[in-house]
Amino acid sequence: LLLPHESASRSGCSASAAEAGRRAVLTALVPAFVATLPSGPEQRASAVARTVSGVEKAIAGLAPTTQAAIGQLFALLAFPPTRLLVAGVWPAWETARVSEVAAFLAAWRHSRFVLLRTVYAGLHDLVLGAWYAHPDAWPPIGYPGPPTLK
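This write-up is about the structure you can find in this document. On a predicted model such as this, the values are computed, not experimentally measured, just so you know. (Residues numbered from 1 in each chain as written. Predicted model: local features only at pLDDT ≥ 70, side-chain atom pairs only at ≥ 80, totals over all residues. Heavy atoms only, no water.)

1. Some remarks on the pattern of salt bridges
So, point 1. Within the structure shown, the criterion is met by four salt bridges.
So, point 2. In this structure, the salt-bridge partner of Arg97 is Glu100, at a minimum N-O distance of 3.8 Å.
So, point 3. Three or more residues joined by partner-sharing salt bridges are found here, namely Arg22, Arg23 and Glu56. (Salt bridge = Lys/Arg side-chain N within 4 Å of Asp/Glu carboxyl O.)

If you want it as C-alpha cells, here you go:
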C-alpha cells in the first residue's frame, strides 16, 4: 500500500488505471447499497453513474491524507488477488453479482475487526450520501424534499 504522500505512478499504476479501478468498484457497490435503484436498465445505469460521480465528488472534497487512504482502499479492492483475499469476491467487479457484493459488504459490516467495520461504514456513508443527495432518490422513500422558505 502507498503512504499518503506517494503517488499512483509510484505504485506502478497510472492515475487513469486507478480511476478506472475505483469506478469499477463503486459501480459494483452502488446496487448493493441502494435498494431503491430504478428497475429500467437505462435509468438504473444512469442512477448508478450519477451516484459514482457523487461519491468521487465527495472524496475530492476530503483532506488529501483521507483521499490517499481511500485511494489505497480502492486500489486494494480493484487488484484481483487482494480483491479475492480481503473481499472474497472472485469475479471482476464488472461481472460480480449484486448478491456477491452484498455478501462481502455484510461480512465487513459484521466483522470482528474494527477496521473492516469502519471501512464498511465509510463506504456506506459515501454511497448513500451521494445517492440521497439527488432529488430523484427521494420519491421512493416518501421524502418530499427540503422545506421551502416563504
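2. A look at the packing of helix α5 (residues 98–109) against helix α6 (residues 114–132)
So, point 1. At a minimum axis distance of 7 Å, the contact between α5 and α6 shows a crossing angle of 125°. Taken together, the axis directions place α5 and α6 in an arrangement best described as oblique. For the pair formed by α5 and α6, the contact residues are Leu105, Trp108 and Arg109 on the first element and Leu116, Arg117, Val119, Tyr120 and Leu123 on the second.
So, point 2. Considering only residue class, the contact of α5 with α6 consists of six nonpolar, no polar and two charged. (Axes fitted to C-alpha atoms, helices over the stretch in contact; angles between N-to-C directions. Helix = DSSP H or I, 4+ residues; strand = E, 2+ residues; numbered from the N terminus. Parallel < 35°, antiparallel > 145°, perpendicular 65-115°, else oblique. Contact = heavy atoms within 4.5 Å. Nonpolar A, V, L, I, M, F, W, Y, C, P; charged D, E, K, R; others polar.)

3. Here we look at the packing of aromatic side chains
So, point 1. Scanning the entire structure with this criterion turns up five aromatic pairs.
So, point 2. For the ring pair Phe104 and Trp108, a centre distance of 4.8 Å and an interplane angle of 85° mean the geometry is edge-to-face. Of this pair, Phe104 and Trp108 both sit in helix α5, four residues apart, which is roughly one turn of the helix.
So, point 3. Accessibility expressed as a relative area gives 5% for Trp108, which makes it buried.
So, point 4. Following the ring pairs from residue to residue traces out a cluster consisting of Trp93, Phe104 and Trp108. (Phe/Tyr/Trp six-rings, centres within 6.5 Å; stacked < 30°, edge-to-face > 60°. Buried < 20%, exposed > 50% of the residue type's maximum accessible area, 1.4 Å probe, protein only.)

4. Topic: the nonpolar core
So, point 1. Formed by 36 residues in total, the largest nonpolar core has its most connected members in Leu29, Phe33, Trp93 and Phe104.
So, point 2. At the level of elements, α1 (15–33), α2 (41–60), α3 (64–78), α5 and α6 are the ones that each hand at least two residues to this core.
So, point 3. With eight residues, α6 is the largest single contributor of residues to this core.
So, point 4. Not counting chain neighbours up to four residues away, the residues in contact with Phe104 comprise Leu29, Leu77, Ala87, Val89 and Trp93. (Core = buried A, V, L, I, M, F, W, Y, C linked by side-chain atoms within 4.5 Å.)

5. Description of the packing of α3 against helix α4 (residues 80–87)
So, point 1. Remark: α3 packs on α4, axes separated minimally by 5 Å, with the N-to-C direction vectors making an angle of 100°. On the basis of their axis angle, the class for α3 and α4 is roughly perpendicular. Residues Leu76, Leu77 and Ala78 of α3 touch α4, and the partners they reach there are Pro80, Thr82, Arg83, Val86 and Ala87.
So, point 2. Per-class residue counts for the contact of α3 with α4 are six nonpolar, one polar and one charged.

6. Notes on the environment of Ala75
So, point 1. Inspection of the secondary structure assignment puts Ala75 in helix α3.
So, point 2. In sequence terms Ala75 and Leu29 are 46 residues apart; their C-alpha atoms lie 15 Å from each other.

7. Re α4
So, point 1. Of all the residues in α4, the buried ones are Thr82, Arg83 and Ala87. The buried residues of α4 occupy an angular sector of 105° when projected down its axis, which confines them to one face.
So, point 2. Buried residues belonging to α4 abut α3 and α5.
So, point 3. Gly88 sits one or two residues past α4 and shows a positive phi near 70°. (Arc of directions from axis to C-beta.)

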